[in-house]
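Here's the letter readout for the chains.
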Amino acid sequence: MNIFALESSCDETSASIVLNGTNIKSIIISSQIKIHSKFFGVVPELASRSHIENINHVIYKALKEARIGFNDFAKKIDAIAFTVGPGLAGSLIVGSIAAKSIASVYKKPLIPVNHLEGHLYSFIIENKDIKPPFLSVIISGGHTELVIVKDFGRYRILGGTRDDAAGEAFDKVAKMLGLSYPGGPIIDERAEKGNPQAVLFTRPYMKGSWDFSFSGIKTAFLNYLKANHINNENQLNDLCSSFRQAIAETIVFKAFEAVRKFNLKQIALGGGVSANSLIRRMFKENGKKNKIKIFIPSPIYCTDNAAMIGCAAYLKQKKCGLDYSTEQLKSNPSLTLSNW
Ligand code: KG4
Ligand code: ZN
């Protein structure tokens, strides 16, 4: 099945053509980083306007890369998938209108995809033979979730973000340091050159709960900045490294506690923060030590992209078919994860 997929939930406009869930025929991602970086975060109104300006071009390029023209679209594409939520209302609507228009012109079925399921299944693009159960660790700008995937579309949500998500914490700390947006990659790069033991930030393990809370580390970071002058690059790198260490240790500790407790043998990461080099290393090392199989998507599939939406859509239609109600196809900014 050839799926034409669109993603526009936040600040990336993306289109992809995905054959049978894992064969990526094309992937185009247009980032709005330049627009939002001066504001140190995504400005929703600017994001939706930018999606409107970019989406036609992104669609055109994705089709061209897959060698599909508008004349043979109907013959070569079987279904249109799009991100239905969660995300920014205006941004979601742009992708949804584009998907619905194309579906109506070419008389194709629509598959609504939960953005979280895009991240959750993104590792499958490069591991098509994986079988559940596995623990999914979704770490992005808006979410930090631990989910047991019992089967495709069958979830037990263990815990989630109580306040700042992991990516949000990276972004806010980068803002405090006057660095750019998104903060995660910049802090990661500096952290590689710093000493992770330079400043001790308390790890918010939240024992007895599977939830995550990173607002405390963020405040501790601010207090440290108020009390200490950062005079040179080395100090800045040490601070970034110490902060990254605290976030990574917290996520890795809780994920491995969960696989122990629930007797799982596989962990899959997803979301922008899984591009973090320390988090990737720590999961791999701990996986080896504890005999847990670790799946981490290539960086392009960690951050927002339409290929993961095409992959999730393929899995979903295998179970749920191709007939979705108007309600299911309606954009929902606060959509949560639910069973198929
Ligand atoms: O998954 P994503 O593209 O969008 C959401 O669904 O939120 O994630 C974006 C987040 C941003 O907060 C960004 O700072 C973070 O992922 N991120 C990283 C890295 N690359 C992106 N965080 C830590 N280290 C990275 N290398
Ligand atoms: Zn995302």
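A. Representation of the overall build of the chain. Helix and strand content of the chain: 12 helices and 10 strands. Expressed as lengths along the three principal axes of its C-alpha atoms, the size of the chain is roughly 65 × 45 × 30 Å. For the chain, the proportion of its 340 residues judged to be buried stands at 55%. Look at the contacts in the chain between residues 6 or more apart in sequence, and 72% of them connect residues 24 or more apart.

B. Expanded view of the coordination of the zinc ion (ligand 2). Around the zinc ion (ligand 2), the donor atoms from the protein are H115 (NE2), H119 (NE2) and D304 (OD), and they sit 2.0 to 2.1 Å away. Relative to the metal, the four donor atoms surrounding the zinc ion (ligand 2) lie at angles of 96 to 132°, and the coordination shape comes out tetrahedral. Between consecutive donor residues of the zinc ion (ligand 2), the sequence gaps follow H-x3-H-x184-D. Separated by 185 residues along the polypeptide, H119 in helix 5 (residues 115-121) and D304 in the loop between helix 11 (299-302) and helix 12 (306-320) bring together distant segments of the chain. For the pair shown, H119 and D304 are each scored as buried.

C. A look at the pairing of strand 3 (residues 23-31). As paired elements, strand 2 (residues 12-19) and strand 3 share eight bridges and run antiparallel to each other. The residue bridging I17 from the neighbouring strand is S26, located in strand 3. A loop of three residues connects strand 2 with strand 3, the two strands running antiparallel in sequence, and N20 in this loop sits at a positive phi of about 50°.

D. Broad picture of the packing of aromatic side chains. Applying the stated criterion across every chain, the model contains 13 aromatic pairs. When the ring of F123 is compared with that of F134, the centres are 5.1 Å apart and the planes differ by 80°; the resulting orientation is edge-to-face. Of the two residues, F123 is situated in the loop between helix 5 and strand 6 (134-139) and F134 in strand 6; the sequence distance between them amounts to 11 residues. For the pair F123 and F134, one class covers both residues: buried. Seen from the ring of F212, K254 lies directly overhead, with NZ or CZ sitting 5.5 Å from the centre. We note K261 situated over the ring of F262; from NZ or CZ to the ring centre the distance is 5.6 Å.

E. Structural detail: the domain arrangement of the chain. Each assigned domain of the chain is listed with its residue range as follows: domain 1 (2-120 + 301-320) and domain 2 (131-299). Look at where the C-alpha atoms of domain 1 and domain 2 centre, and you get two points 27 Å apart. Each partner contributes residues to the interface: domain 1 has 17 residues there, and domain 2 has 27 residues. Surface buried jointly by domain 1 and domain 2 totals about 1800 Å² across both partners, of which 68% is contributed by carbon and sulfur atoms. Of all residues in domain 1, F40, L120 and C302 give up the largest surface area on contact with domain 2, accounting jointly for 40% of the area buried on that side. One can count one salt bridge joining domain 1 with domain 2. Here D151 and K319 are joined by a salt bridge, their closest N and O atoms 3.6 Å apart. Connecting domain 1 to domain 2 are nine residue pairs in polar contact (both at pLDDT 80 or more). Within the residue set of the side of domain 1 that touches domain 2, elements represented by two or more residues are helix 1 (33-37), helix 5, helix 11 and helix 12. Counting residues per element, the side of domain 1 that touches domain 2 draws most heavily on helix 5, which supplies four residues. Residue composition of the side of domain 1 that touches domain 2, by class: nine nonpolar, five polar and three charged.

Cut-off values and rules
Residues numbered from 1 in each chain as written. Chains lettered and ligands numbered in written order. Predicted model: local features only at pLDDT ≥ 70, side-chain atom pairs only at ≥ 80, totals over all residues. Heavy atoms only, no water. Helix = DSSP H or I, 4+ residues; strand = E, 2+ residues; numbered from the N terminus. Buried < 20%, exposed > 50% of the residue type's maximum accessible area, 1.4 Å probe, protein only. Contact = heavy atoms within 4.5 Å. Donors = N, O, S within 2.8 Å, 3.2 Å for Na, K, Ca; no water. Tetrahedral: all angles 85-135°; square planar, octahedral: opposite > 155°, others 65-115°. Pairing = 2+ DSSP bridges. Phe/Tyr/Trp six-rings, centres within 6.5 Å; stacked < 30°, edge-to-face > 60°. Lys NZ or Arg CZ within 6 Å of the ring centre and 35° of its normal. Domains from an automatic or database assignment. Buried area = accessible area lost by both parts, 1.4 Å probe. Salt bridge = Lys/Arg side-chain N within 4 Å of Asp/Glu carboxyl O. Polar contact = N/O pair within 3.5 Å; in protein donor to acceptor, adjacent residues only side chain to side chain. Nonpolar A, V, L, I, M, F, W, Y, C, P; charged D, E, K, R; others polar.

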